[in-house]
Amino acid sequence: AVQLMARGYPSRCSFTELRAMFAPVPSLARLTAFAPLRFSKALLSAVAMPGEQYRVGITRIFFRAGQMAFLERLRNIPGEPLPRDVVAALRRRLVRQRWQSALFFVRCALAAGKAVQRMRGRHTWRRAARLRLAVERTWLRRARTVRAFYRARL
């Protein structure tokens, strides 16, 4: 945090504070139900704030000078709700994030299923290899005894 502030990010705000700042806005009432980090990232993307103007930390977002005031002005436009394009972009971003996380979960589940199949295949192969070795040992043992029997007769 100190390094970010030294690099020119003097303003900071926690994810929950940023979400609470926009919670009273009627057009965003349903969207504030998302996780604070997800909502904060989507909001900054929706207002088209360049990535050089902020940095996302573990619990807070750090802003360059004047960017926090920009968000305050955006929220406090007298008599007007947030612009529709901002709300639409925020919704799109949140829906896209939700789909991406669902797809990631499905991919992980499929990969886990394939991993289990590979493990079962390895287990089957090992079992077959052990059986083959046991049969070979038995045949070798039997061959030695037969050889020894015939050598003794000669």
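Residues numbered from 1 in each chain as written. Predicted model: local features only at pLDDT ≥ 70, side-chain atom pairs only at ≥ 80, totals over all residues. Heavy atoms only, no water.

Draft legend 1. A look at the overall build of the chain. Across its full length, the chain carries five helices and three strands. Reading the helices (α) and strands (β) of the chain from amino to carboxyl end gives α-β-α-α-β-β-α-α. In terms of its C-alpha atoms, the chain occupies a principal-axis envelope of roughly 115 × 35 × 20 Å. In the chain, buried positions account for 23% of the 154 residues. Here the analysis covers contacts within the chain between residues at least 6 apart in sequence; of these, 64% occur between residues at least 24 apart. Accessible surface for the chain amounts to roughly 11,500 Å². Of this, 59% is attributable to carbon and sulfur atoms. Averaging the positions of the 33 positive and the 6 negative side-chain charges in the chain gives two centres separated by 25 Å. (Helix = DSSP H or I, 4+ residues; strand = E, 2+ residues; numbered from the N terminus. Buried < 20%, exposed > 50% of the residue type's maximum accessible area, 1.4 Å probe, protein only. Contact = heavy atoms within 4.5 Å. Areas by Shrake-Rupley, 256 points an atom, 1.4 Å probe, with all protein chains shown as cover. Lys, Arg positive; Asp, Glu negative; His and termini not counted. Charge placed at Lys NZ, Arg CZ, Asp CG, Glu CD.)

Draft legend 2. Up close: helix α4 (residues 67-75). Among all positions in α4, only Gln67, Met68, Leu71 and Leu74 are buried. Mapping the buried residues of α4 onto a view down its axis gives an arc of 120 degrees, with all of them on the same face. Where α4 is buried, its residues contact β1 (11-14), α2 (15-22), α3 (36-46) and β3 (60-63). (Arc of directions from axis to C-beta.)

Draft legend 3. Quick look at the environment of Arg144. When you line up the elements, Arg144 lands in helix α5 (residues 84-153). Taking the relative accessible area as the measure of exposure, Arg144 reaches 53% and is therefore exposed. Sequence-wise, Arg144 and Thr59 are 85 residues apart; in three dimensions their C-alpha atoms are separated by 74 Å.

Draft legend 4. Quick look at a positive patch on the surface. The grouping of Lys114, Arg118, Arg122, Arg126, Arg127 and Arg130 at the surface amounts to a positive patch. Tracing the chain through its elements places Arg130 in helix α5. (Patch = residues over 30% accessible without salt bridge, like charges linked within 9 Å, V, L, I, M, F, W, Y side chains within 5 Å. Salt bridge = Lys/Arg side-chain N within 4 Å of Asp/Glu carboxyl O.)

Draft legend 5. Inspection of unusual backbone geometry at higher detail. Positive phi is not limited to glycine here, since Ala48 has a value of about 60 degrees. Within the secondary structure, Ala48 is located in the loop between α3 and β2 (54-56). A relative accessible area of 61% means that Ala48 is categorised as exposed.

Draft legend 6. The arrangement of the sheet that holds β2 in detail. Taking strand neighbours across the sheet as the criterion, the three strands line up as β1-β3-β2 in an open arrangement whose pairing is antiparallel. In this open sheet, the two strands that pair with only one neighbour each are β1 and β2. Each strand of the sheet is rotated relative to its neighbour by a mean of 20 degrees, with strand direction disregarded. The sheet strands contacting α2 are β1, β2 and β3, and the helix crosses β1 at an angle near 80 degrees. (Pairing = 2+ DSSP bridges. Axes fitted to C-alpha atoms, helices over the stretch in contact; angles between N-to-C directions.)

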